[in-house]
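# Overview (structure and organization)
Listed below, chain by chain, are the residues.
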Amino acid sequence: MCHRLQSVLVLFLFTLRAAAWDPLPGVDLARLHPSDFRDAELDMPFYLAHFRELAGSVVEQGPERGFINIPVWRSVRDNKPYNSRIMESILSLAYFYALDRPWNPYHASPALRQRLEASLEYWLRQQSPEGRFAEAAPGRFNLAATAFSTKFIGQTLTYLQNGPPTDPDLLKRVIAADRKTIHLVLTAPDLVKYGAFVSNQYTNVFAGGFAFLKLYPDPEIETLLQKRFADGMHEH
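Treat the numbers as computed from the prediction; the structure is a model and nothing was measured. (Residues numbered from 1 in each chain as written. Predicted model: local features only at pLDDT ≥ 70, side-chain atom pairs only at ≥ 80, totals over all residues. Heavy atoms only, no water.)

## A short note on the overall build of the protein chain
Short version of the rule: Think of it this way: any DSSP run of H or I at least four residues long counts as a helix, any run of E at least two long counts as a strand, and we number them from the N terminus. Note on exposure labels: buried denotes an accessible area under 20% of the residue type's maximum, exposed denotes more than 50%, and partly exposed covers the range between, all computed with a 1.4 Å probe on protein chains only. For every accessible area listed, the method is Shrake-Rupley and the probe measures 1.4 Å; residues are considered covered only by the protein chains on display.
What the protein chain contains, in helices and strands, is ten helices and zero strands. Secondary structure elements in the protein chain, listed N-terminal to C-terminal, are α-α-α-α-α-α-α-α-α-α. Along the three orthogonal principal directions, the C-alpha set of the protein chain runs to about 70 × 60 × 35 Å. Per-residue burial over the protein chain gives 44% buried out of 236 residues. Looking at the protein chain as shown, the accessible area adds up to about 12900 Å², and 59% of this sits on carbon and sulfur atoms.

Structural data, given as structure tokens:
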């Protein structure tokens, strides 16, 4: 029995080790110079210096695996696992993963890919069957979380389309989930009505929708988007 227990323990420890994520690359700012950055990148050293802290806060194990557990996009009080607004920082993960620049050690990083894919999986689990997302409390779906997700995921997919490798099955599910939410925002009467009151929330679907169409032509989404865009010129 003791030998069997020891074997089970060894197998368990091996599984944990095999499942552990790779360590993220470090950044040595002392080796970088202003001339390494283009004019439009001169603010990037700040974000480069802190990106490891953000990416390293992606939860690695358990039911919250993939949640970005650091309050940089929302307050400490609002940085909760049910708040899908937190997961908008997926865009930061995708940006550094896809950005091919000499000063970016995270480009095509296997360690960053592990965290990015886990975060996308977590975002998928946050989506309701109808395509809504919550912000203030579990299951309390609202327009802001739902419409904003289309913009951030749309840009994420834009970076990943011709970027380093990502799980193709995962990307298919993210694309389908994004389309579902875009379609919902464009057609759900309650979201359209509320969007006439808070246009800064609703109009995110225009950015997200057109980004989606540029990547994945879709006659139905295009027709809905053009109609809502035209109607919104008066309703908003």
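## Observations regarding unusual backbone geometry
With a phi close to 60 degrees, alanine 108 is a non-glycine residue in the positive phi region. Secondary-structure assignment places alanine 108 in the loop between α3 (90-98) and α4 (110-126).

## So, the pattern of salt bridges
For the record, the criterion: Salt bridges are defined by distance alone: a side-chain nitrogen of Lys or Arg within 4 Å of a carboxyl oxygen of Asp or Glu.
Within the structure shown, the criterion is met by 14 salt bridges. A salt bridge links glutamate 135 to arginine 85; the shortest N-O distance between them is 3.8 Å. Pair noted here: glutamate 135 is in the loop between α4 and α5 (143-161) and arginine 85 is in the loop between α2 (44-55) and α3, with a separation of 50 residues, a long-range link. A cluster of three or more residues bridged by salt bridges with shared partners is formed by Lys227, Arg228, Asp231 and Glu235.

## Quick word on empty space enclosed by the protein
Inclusion rule: Both site types are read off a 1 Å grid over the protein atoms alone. A 1.4 Å probe that fits but cannot get out defines a cavity, while an open set with protein on both sides within 12 Å along at least five of seven lines defines a pocket; lining residues have an atom within 4 Å of a point. Grid points are joined across faces, edges and corners, and a volume is the space filled by probe spheres set on the points. The classification used treats Ala, Val, Leu, Ile, Met, Phe, Trp, Tyr, Cys and Pro as nonpolar, Asp, Glu, Lys and Arg as charged, and all other residues, Gly among them, as polar.
Scanning the entire structure with this criterion turns up one cavity of 30 Å³ or more. Estimated volume of the largest cavity: approximately 30 Å³. The element best represented in the lining of the largest cavity is α5, accounting for three residues. Of the residues in the lining of the largest cavity, the class split is four nonpolar, two polar and one charged.

## With respect to α3
Selection criterion: Contact definition: two residues touch when any of their heavy atoms are within 4.5 Å.
Most of α3 sits out of view: seven of its nine residues are buried. Listed in full, the buried residues belonging to α3 are Ile90, Leu91, Leu93, Ala94, Phe96, Tyr97 and Ala98. Where α3 is buried, its residues contact α2, α4 and α5.

## Some thoughts on the nonpolar core
This is how the line gets drawn: Take the buried Ala, Val, Leu, Ile, Met, Phe, Trp, Tyr and Cys residues and link them wherever side-chain atoms come within 4.5 Å; each set so joined is a nonpolar core.
The biggest cluster of nonpolar side chains holds 41 residues, and the ones touching the most others in it are Ile68, Leu112 and Trp123. Contributions of two or more residues to this core are made by α2, α3, α4, α5 and α6 (168-187). If one sorts the elements of this core by residue count, α4 sits on top with eight residues. Residues Leu186, Leu191, Phe206 and Leu213 belong to the second largest nonpolar core, which totals 18 residues.

## Structural notes on the packing of aromatic side chains
Stated formally: The rule is short: rings of Phe, Tyr and Trp, with Trp giving its six-membered ring, pair when the centres are within 6.5 Å, and they are stacked under 30 degrees, edge-to-face over 60, tilted in between. For a ring to carry a charge above it, either NZ of a lysine or CZ of an arginine must fall within 6 Å of the ring centroid while also lying within 35 degrees of the normal to the ring plane.
Applying the stated criterion across every chain yields a total of 16 aromatic pairs. Each member of the aromatic cluster is reached from another via a ring pair, and the members are Phe51, Tyr95, Phe96, Tyr106 and Tyr159. Directly above the ring of phenylalanine 148 sits arginine 85, whose terminal nitrogen or CZ lies 4.1 Å from the centroid.

## Observations concerning α4
Going by this rule: Helix span, expected: 1.5 Å multiplied by one less than the number of residues in the helix.
Over its 17 residues, α4 runs 25 Å from end to end, which matches the ideal 24 Å to within 8%, given 1.5 Å per residue. Among the 17 residues of α4, twelve are classified as buried, and the element is accordingly described as predominantly covered. Within the span of α4, buried status applies to Ala111, Leu112, Arg115, Leu116, Glu117, Ala118, Ser119, Leu120, Tyr122, Trp123, Leu124 and Gln126. In this fold, the buried residues of α4 make contact with α2, α3, α5 and α6.

## Description of the layout of surface pockets
Here the largest pocket is characterised by a volume of approximately 490 Å³. Lining the largest pocket we find 18 residues, and of these Tyr47, Phe51, Leu54, Ser92 and Phe96 sit closest to its centre. Where the lining of the largest pocket is concerned, the elements lending two or more residues are α2, α3 and α5. Ranked by residue count, the leading element in the lining of the largest pocket is α2, at seven residues. Split into classes, the residues belonging to the lining of the largest pocket amount to 13 nonpolar, three polar and two charged.

## Regarding the packing of α6 against helix α10 (residues 219-235)
Our working rule: Comment: axis = line fitted to C-alpha atoms, over the contacting stretch for helices; angle = value between 0 and 180 degrees taken between N-to-C directions. Helix crossings get a hand from a simple test, with the near helix turned counterclockwise from the far one by less than a right angle marking a left-handed crossing and a clockwise turn marking a right-handed one.
Running from N to C, α6 and α10 cross one another at 35 degrees; their axes reach a closest spacing of 10 Å. Crossing angle aside, the handedness with which α6 passes α10 is left-handed. Here Arg179, Ile182, His183, Leu186 and Thr187 of α6 come into contact with α10, specifically with Glu220, Ile221, Leu224, Leu225 and Arg228. For the contact of α6 with α10, the class distribution of residues is five nonpolar, two polar and three charged.

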